[in-house]
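# Survey of secondary and tertiary structure
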Amino acid sequence: MRTKKVKWFFLTFMFSILCICIMIIQTNHSKDKDNIAKNEKESNEIENNESTITKFALKDKRIIQWEYNNNGKFKMFIDDDIDWIDKKAIANKKMDISMVDLNEYLKYRKCTIAVIDSGINIENAILKRHLWKNTDEKIDNIDNDANGYVDDICGYNFKDNNTELFSREDTSHGTSIANILCTNSTEDGNFEENEFIEFMPLKIMQQGNDGECDDLVDAILYAQENGAEICVVSLLMFKENLKLKKVIKESNMLFVVAAGNYNLDIDEVKMYPSSYNFNNVVTVGSFRCDGCLSTTSNYGESVDIVAPGTDILCLTKDNKVSYMGGTSFAVPYVAKACAIIYSMSEEIKSANEMKKILLDVASKNKCLKGKIKDNNQLNILNIIQKLKEE
């Protein structure tokens, strides 16, 4: 039996109406801002943000993606019809994740990453090559591996209790996250693939606020039982669920979760699972091409690290590319970094070890002082150099 629905929302960047709302909130006193969050927490009425994933047609001069190699020339995306609040940011050289050619370094120990999200377009040629396979199952309407799920050959749809992992009604959210995990975008708009990553698609929602906490818990348990090392959760809720808390705390997976897009201190205004300070949880905020925290990103000591989350070149469900933003899209960069740690060293066994290396070698960004724990900014090159020394 399903329990009472808990409304979830995708953590996408607030391009339009929500942007205006955030600006109003920022001009008010902090007391007013806290009262707004408190009311949402008490009522558990979380706004449906399904329309905030905004697609733009790319122009040839805008294909470059700053987060891998910020040369200081990238200009924040400005659309004539959208006056969004990060538009004044000016790119700052080296404010990126210090990406390198991963294939030169990795030992290719496969890392399985569970993506708990909306449906993912697994028919995309690139994503199909990185799709996790349940080798103990086959399509014959029989639960061959006796795990309670019939014909789950490459994941499961917990929302509809079937194996349909994608429908045209799904947003691009899950597809975009999976693509960032499995590829690195290049200056010519193409995608280089990360051979060491495979993803396990676990669908718990479709439009953005139609998920249930029980489905999230079941998806986590499924990922755990099927060998995932990392679990990506770009979702959150204001009301704590003790069952969810227990399953995360007791899991041996590393959870990489989004901080959220309310521009709030999540030490004071708790959100879940991003406010969990567990050894196996990494909470991710987002920063812009100028090195500053994205205007809508949540913050606080509970936020372990930041990654790029504004003007992110993403694959859409329709196999096109668009700029998107939000802490949701910062999460897969950190998850990818943790997968690098896992792949490069066979000595790495625990979630806590991956988290420790990630944070120990993070860049220290002064722009994040007072906002993010230890001013941590993701740095891929530092991770590789650290592991090469060991």
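Keep in mind the model is a prediction, meaning the values are calculated, not measured.

## Some thoughts on unusual backbone geometry
Across the junction of Tyr 272 and Pro 273, the peptide omega takes the value 10°, indicating a cis bond. Structurally, Pro 273 is set in the loop between strand 9 (254-258) and strand 10 (281-287). If you check the backbone angles, Ala 146 has positive phi at about 55° while not being a glycine. Take Ala 146: its relative accessible area is 64%, and that puts it in the exposed class.

## Notes on the pairing of strand 12 (residues 312-315)
Because side chains alternate across strand 12, one face comprises the buried residues Ile 312 and Cys 314, and the other comprises Leu 313 and Leu 315, equally buried. With four bridges joining them, strand 12 and strand 13 (residues 321-324) adopt antiparallel strand pairing. Opposite Leu 315, over in strand 13, you have Val 321 as the bridge partner. Here strand 12 hands over to strand 13 after five residues, with Asn 319 in that stretch at a positive phi of 65°.

## Section: the confidence of the model for the chain
Of all residues in the chain, 70% have pLDDT values of 70 or greater, and the mean over the chain is 78. Across residues 78-87 the pLDDT falls below 50, and counting only partners more than four positions away or on other chains, this stretch makes 25 contacts in the model.

## Overview of the pairing of strand 9
Most of strand 9 sits inside the fold, with five of its five residues counted as buried. Where burial is concerned, the two faces of strand 9 agree: the one with Leu 254, Val 256 and Ala 258 and the one with Phe 255 and Val 257 are both buried.

## Points about the environment of Met 271
Mapped onto the elements, Met 271 comes out in the loop between strand 9 and strand 10. A relative accessible area of 0% means that Met 271 is categorised as buried. Sequence-wise, Met 271 and Gly 260 are 11 residues apart; in three dimensions their C-alpha atoms are separated by 8.2 Å.

What counts, and where the lines are drawn
Residues numbered from 1 in each chain as written. Predicted model: local features only at pLDDT ≥ 70, side-chain atom pairs only at ≥ 80, totals over all residues. Heavy atoms only, no water. Helix = DSSP H or I, 4+ residues; strand = E, 2+ residues; numbered from the N terminus. Buried < 20%, exposed > 50% of the residue type's maximum accessible area, 1.4 Å probe, protein only. Pairing = 2+ DSSP bridges. pLDDT = per-residue confidence, 0-100. Contact = heavy atoms within 4.5 Å.

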